[in-house]
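Chain residues, written in single-letter form:
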Amino acid sequence: MQSAITQFLRYLATERNASDLTIKAYREDLFAMVEWFRATRGEVPKPQSLSPQELRTFQAALQEAGYARTTIARKLASLRSFYRFAMRQGIADSNPAKPLRNPRRQRKLPHVLSNDEVGRLLLAPPGGDTAGLRDRAMLETMYSAGLRVSELVALRDRDMDFDQQILRVRGKGRKERISPLGSFAIKAIKKYEQRRIRDPKTEQLGRDAPVFVNRFGNILTTRSVGRMLDKHIAVVGLDSRTSPHTLRHSFATHLLDRGADIRSVQELLGHKSLATTQIYTHVSAANLLSVYEKAHPRAS
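Computed from a predicted model, the values in this text were never measured in an experiment.

Cut-offs and rules
Once a new chain begins, its residue numbering starts again from 1 and follows that chain's sequence as written. Only residues with pLDDT of at least 70 are given local features in this predicted model, and only at 80 or more are side-chain atom pairs given and counted; all residues enter the totals for whole chains, interfaces and linings. Note that the side-chain values use all heavy atoms of the structure and ignore hydrogens as well as water. Here a salt bridge means any side-chain nitrogen of Lys or Arg lying within 4 Å of a carboxyl oxygen belonging to Asp or Glu. Strands are runs of DSSP state E lasting at least two residues, helices are runs of H or I lasting at least four, and both sets are numbered from the N terminus onward. Exposed residues in this analysis have more than 50% of their type's maximum accessible area, buried residues have under 20%, and partly exposed residues fall in between, with area computed by a 1.4 Å probe over protein chains only. Two strands are said to pair when DSSP picks up at least two bridges between them. As used throughout, domain bounds are those supplied by an automatic or database domain assignment. UniProt positions are given in the numbering used here, feature names are shortened, and annotations may be inferred rather than shown by experiment. Contact between two residues is taken to exist if any of their heavy atoms lie within 4.5 Å; hydrogens are not considered. A helix is expected to reach a length of 1.5 Å times the quantity of its residues less one.

Observations concerning the pattern of salt bridges
Here's step 1: On inspection of all chains with the given rule, the structure shows 19 salt bridges.
Here's step 2: Arg 196 is the salt-bridge partner of Asp 157, the closest N and O atoms lying 3.2 Å from each other. Residue Asp 157 is located in the loop between helix 7 (149–153) and strand 1 (160–161), and its partner Arg 196 is located in the loop between helix 8 (183–195) and helix 9 (200–203); the two are separated by 39 residues in the primary sequence.
Here's step 3: Residue classification places Arg 196 among the buried residues on the basis of a relative accessible area of 17%.
Here's step 4: The salt bridge partner of Arg 170 is Asp 159, with a shortest N-O separation of 2.7 Å. On the criterion of sequence distance, the pair formed by Arg 170 in strand 2 (residues 166–170) and Asp 159 in the loop between helix 7 and strand 1 is long-range, its members being 11 residues apart.
Here's step 5: Residue class for Arg 170 comes out partly exposed when judged on its relative accessible area of 24%.
Here's step 6: Asp 159 gets classed as buried once you look at its relative accessible area, which sits at 4%.
Here's step 7: Via salt bridges that share partners, Arg 158, Asp 159, Arg 168, Arg 170, Glu 176 and Asp 208 belong to a single interconnected network.

Spelled out as structure tokens, the structure:
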């Protein structure tokens, strides 16, 4: 088993060009399974000897140990991938992990800001210095286009079309989409561009230069955007759960609250599956119920 796993990890690195983090996750998941069988059976089973029933016992042990459902689902996915490789290599005759069902995901409603809270947050950065202008432009852009933080920091000058009021966004899986860009965001970006600092190396990139940069003129990291937001959240006094992704959640929810159809919102968010977008319909329904209970004289 251990030799087969080592071969699988080598395959991921050399043929699949998997990242170090991906390989690390597979290694931890698969060797955790090995150690569990060593502890419970006193030996490490061979790949071809494991049955779906034995792996179900392993899955049940993970649940009893208090692992999150997403963690268990990831470990099962690692086992399925490993056994697909093992079958291609003739190491195993079947995939005992295939019949296993992932635990049902318990989806939490995303934290969303009200219109007033969004307005206060967008006005929090001071407009008198470059950093403040940049922060306001970033916040306006995230909320205007419903961007992920990774999509925001990846924006290049060539992605901006102010005349058409659109952005070209590179989302997950390197998929590109076109997102509208509101007039408030455009004004904020133009004000920032007048004061933007450019590193000589960045300047050489021309239209490929990043839109948002740090105080040294270099590209921002997603972590630095998170720190920026935390600072303004503290000033405004918003819920500590507020994160950069909260603006994306708020973007989707506010669109649905105002009558946007869910398919359009799916396209704007760049979601592959409509099921991912449907979480926001639950948020909107919850908001409506809250308003109803407060306003209707016979609601409760």
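So much for the structure itself; the text now carries on.
Brief notes about the sheet that holds strand 2
Here's step 1: One open sheet holds the three strands; their spatial order is 1-2-3, and the pairing between them is antiparallel. Lying at the two open borders of the sheet, with one neighbouring strand each, are strand 1 and strand 3 (176–180).

Here's the deal with the domain arrangement of the protein chain
Here's step 1: The assigned domain composition of the protein chain is domain 1 (1–89) and domain 2 (115–295).
Here's step 2: Taking only C-alpha atoms into account, the centre of domain 1 sits 38 Å from that of domain 2.

Structural notes on the UniProt feature "active site" (unreviewed entry) in the protein chain
Here's step 1: Within this numbering scheme, the UniProt entry marks Arg 148, Lys 172, His 245, Arg 248, His 271 and Tyr 280 as carrying the feature "active site" (unreviewed entry).
Here's step 2: One can find Arg 148 in the loop between helix 6 (130–145) and helix 7.
Here's step 3: Judged by its relative accessible area of 10%, Arg 148 is buried.
Here's step 4: Sequence-distant contacts of Arg 148, defined by excluding residues within four places in its chain, comprise Gly 171, Lys 172, Arg 177, His 245, Arg 248, Leu 269, Gly 270 and His 271.
Here's step 5: By the element assignment, Lys 172 lies in the loop between strand 2 and strand 3.
Here's step 6: Residues within four places of Lys 172 in sequence aside, it is in contact with Arg 148 and Glu 151.

Looking at helix 4 (residues 69–88)
Here's step 1: Taking 1.5 Å per residue as the helical rise, helix 4 with its 20 residues ought to reach 28 Å, and the 29 Å between its terminal C-alpha atoms agrees with that figure.
Here's step 2: Those residues of helix 4 that are buried are in contact with helix 1 (2–14), helix 2 (20–41) and helix 3 (52–64).
Here's step 3: Gly 90 lies just past helix 4 and shows a positive phi near 75°.

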